[in-house]
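# Structural overview
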Amino acid sequence: LSICFRTVEPLEYYRRFLKENCRPDGRELGEFRATTVNHFLSSGSITTADGSALVKLGNTTVICGVKAELAAPAVDAANKGYIVPNVELPSLCSTRFRSGPPGEEAQAASQFIADVIENSQIIAKEDLCIANGKLAWVLYCDIICLDYDGNILDASTFALLAALKNVQLPSVTINEETGLSEVNFKQKNPLVVREHPVATSFAIFDDTLLIVDPTAEEEDLATGTVTIVTDDEGRLCSVHKPGGSPLTGAKLQDCITRAITRHKEVKKLIEKVIKSIKPK
């Protein structure tokens, strides 16, 4: 009977749980789903990438691969490299996505990740410069969703951070005589990750009630969503609020406080994974 009711009146079904301060999957309103990050960070999940990580947030599964290439810096930023993020939501991860060019949701997620990189200064682009005006690294960060069950922004931000933490770049010098670059693959250096931005997403129910880490079903029934990104110092990197129900100042402050707590949990999880890897 409850399955029938959930199908016919999904919102009313949810409201009955929310009144009791819980959700159909058994979580409390402020409880995150089980979060895991892969344990192959030493070599990455993808052997052809320079860094990679697999993150699971409940059933939502995202893999991030970072590929480094050499290029000339831009004329107006001679001492900076590039970071190029791309989020893919292929049709295999959910029936809601179609094959073909990236849809609106994938484009919005890619722009969100680009903003997080820029606002948080996760990597200083100056660190990617090898020779001023001549040579710099380009980091292509491909984030691919393997299984979609809501909250793609939190999972993508986490996967990006974990993958960057695991990038090893070969040593590059420019030969004075020939002017050509020489790459030493035997000597690799880790990428300097300067900040650890963490995203925390909330769904807004009936314009007032906040629930954290929404599933795909909860996102569909919500009257709005909001994503808060914080850094190591508890500073606000960005607030992503794509329309929907407005939030009062007090509710927004509540979201920020919860996001700062979540940041500590995620950072601990990454540190634990890195510590568990034996150095080669």
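Note that the structure is predicted; figures quoted are calculated from it, not measured.

### A look at a nonpolar patch on the surface
- Taken together, Leu70, Val183 and Phe185 make up a surface patch of nonpolar side chains, about 260 Å² in accessible area.
- Among the secondary structure elements, Phe185 is positioned in strand E8 (residues 181–190).
- The exposure class assigned to Phe185 is exposed, which follows from its relative accessible area of 59%.

### Let's talk about the packing of aromatic side chains
- Applying the stated criterion to the full structure yields four aromatic pairs.
- Aromatic side chains Tyr13 and Tyr14 sit 6.4 Å apart centroid to centroid with 75° between the ring planes, which places their arrangement in the edge-to-face category.
- Residue Tyr13 is classed as buried on the basis of its relative accessible area, which comes to 11%.
- Tyr14 gets classed as buried once you look at its relative accessible area, which sits at 2%.
- Cluster of aromatic residues (ring-pair linked, three or more members): Tyr13, Tyr14, Phe17 and Phe205.
- Across from the ring centre of Phe32, 3.9 Å away, lies the NZ or CZ of Arg262, which sits over that ring.

### Structural notes on the sheet that holds strand E10 (residues 209–212)
- Judged by pairing direction, the sheet is antiparallel, and its four strands sit side by side in the order E10-E9-E11-E12 without closing on themselves. Strands with a single pairing partner mark the edges of an open sheet, and in this sheet they are E10 and strand E12 (236–240). Each strand axis lies, on average, 25° off the axis of its neighbour in the sheet, ignoring direction.
- Sitting on the sheet, helix H3 (residues 104–120) touches strand E9 (198–205), strand E11 (224–230) and E12, and the angle it makes with E12 is about 155°.

### Let's talk about the nonpolar core
- Formed by 53 residues in total, the largest nonpolar core has its most connected members in Val66, Ile123, Leu139, Tyr148, Leu160, Leu164 and Leu191.
- The residues touching Ile123, leaving out its near neighbours within four places in the chain, are Ile83, Leu128, Leu164, Leu191, Val192 and Val193.
- In this structure, Leu210, Val212, Val226 and Cys255 belong to the second largest nonpolar core, which totals ten residues.

### Some thoughts on the layout of surface pockets
- Estimates place the volume of the largest pocket at around 440 Å³.
- Lining the largest pocket we find 20 residues, and of these Glu105, Leu153, Glu219, Thr225 and Pro242 sit closest to its centre.
- For the lining of the largest pocket, the secondary-structure elements that each account for two or more residues are H3, helix H4 (152–164), helix H5 (216–221) and E11.
- Broken down by element, the lining of the largest pocket gets its largest block of residues, five residues, from H3.
- The class makeup of the residues in the lining of the largest pocket is eight nonpolar, seven polar and five charged.

### A short note on empty space enclosed by the protein
- As enumerated under the stated definition, the model contains one cavity of 30 Å³ or more in all.
- Computed from the structure, the largest cavity encloses a volume of approximately 70 Å³.
- Residue lining of the largest cavity: Leu57, Asp154, Ala155, Thr157, Phe158, Pro197, Val198, Ala199, Arg262 and Val266, and that is the complete set.
- When contributions to the lining of the largest cavity are tallied by element, the ones reaching two or more residues are H4, E9 and helix H6 (249–276).
- A class-by-class count of the residues in the lining of the largest cavity yields seven nonpolar, one polar and two charged.

### Here's the deal with helix H2 (residues 10–19)
- Along H2, the residues classified as buried are Tyr13, Tyr14 and Leu18. Projected down its long axis, H2 carries its buried residues within an arc of 135°, all on one side. Residues of H2 that are exposed and angled more than 90 degrees away from the buried face: Arg16 and Lys19.
- Where H2 ends, the next residue or the one after it, Asn21, has phi of about 60°, a positive value.

Reading the values: rules and limits
Every residue gets a number counted from 1 within its own chain, in the order that chain's sequence is written. Reporting in this predicted model follows two pLDDT cut-offs: at least 70 for local features of residues, and 80 or more for side-chain atom pairs to be given and counted; totals over whole chains, interfaces and linings ignore these cut-offs and use all residues. Excluded from the side-chain calculations are hydrogens and water; all other atoms, namely the structure's heavy atoms, are used. Patch members must show over 30% relative accessible area and no salt bridge, and they are joined within 9 Å when carrying like charges or within 5 Å when they are nonpolar side chains of Val, Leu, Ile, Met, Phe, Trp or Tyr. Method for areas: the Shrake-Rupley scheme with a 1.4 Å probe, in which residue coverage is limited to the protein chains shown. The salt bridge definition used is simple: a Lys or Arg side-chain nitrogen within 4 Å of an Asp or Glu carboxyl oxygen. Segments assigned H or I by DSSP are reported as helices when at least four residues long, segments assigned E as strands when at least two residues long, and all are numbered from the N terminus. With a 1.4 Å probe rolled over the protein chains alone, any residue whose accessible area is under 20% of its type maximum counts as buried; one over 50% counts as exposed, and the rest are partly exposed. Stacked, tilted and edge-to-face are the three classes assigned to paired rings of Phe, Tyr and Trp, where Trp is represented by its six-membered ring and a pair needs centres within 6.5 Å; plane angles under 30 degrees give stacked, over 60 edge-to-face, the rest tilted. For a Lys NZ or an Arg CZ to count as sitting over a ring, it must be within 6 Å of the ring centre and within 35 degrees of the ring normal. By the convention used here, strands pair only if DSSP detects at least 2 bridges between them. With axes taken as lines fitted to C-alpha atoms, and helix axes fitted only over the stretch in contact, angles between N-to-C directions fall between 0 and 180 degrees. Contacts are assigned to residue pairs with any non-hydrogen atoms lying within 4.5 Å of each other. Here, the term nonpolar core denotes a set of buried Ala, Val, Leu, Ile, Met, Phe, Trp, Tyr and Cys residues that are joined through side-chain atoms within 4.5 Å. Buried and open spaces are told apart on a 1 Å grid over the protein atoms alone, a cavity being a set of points where a 1.4 Å probe fits but cannot get out and a pocket being an open set with protein on both sides within 12 Å along at least five of seven lines. Residues with an atom within 4 Å of a point are the lining residues. Grid points are joined across faces, edges and corners, and a volume is the space filled by probe spheres set on the points. Three classes are used: nonpolar for Ala, Val, Leu, Ile, Met, Phe, Trp, Tyr, Cys and Pro, charged for Asp, Glu, Lys and Arg, and polar for all others, with Gly counted as polar. The arc in question is the one spanned by the directions pointing from the helix axis to the C-beta atoms.

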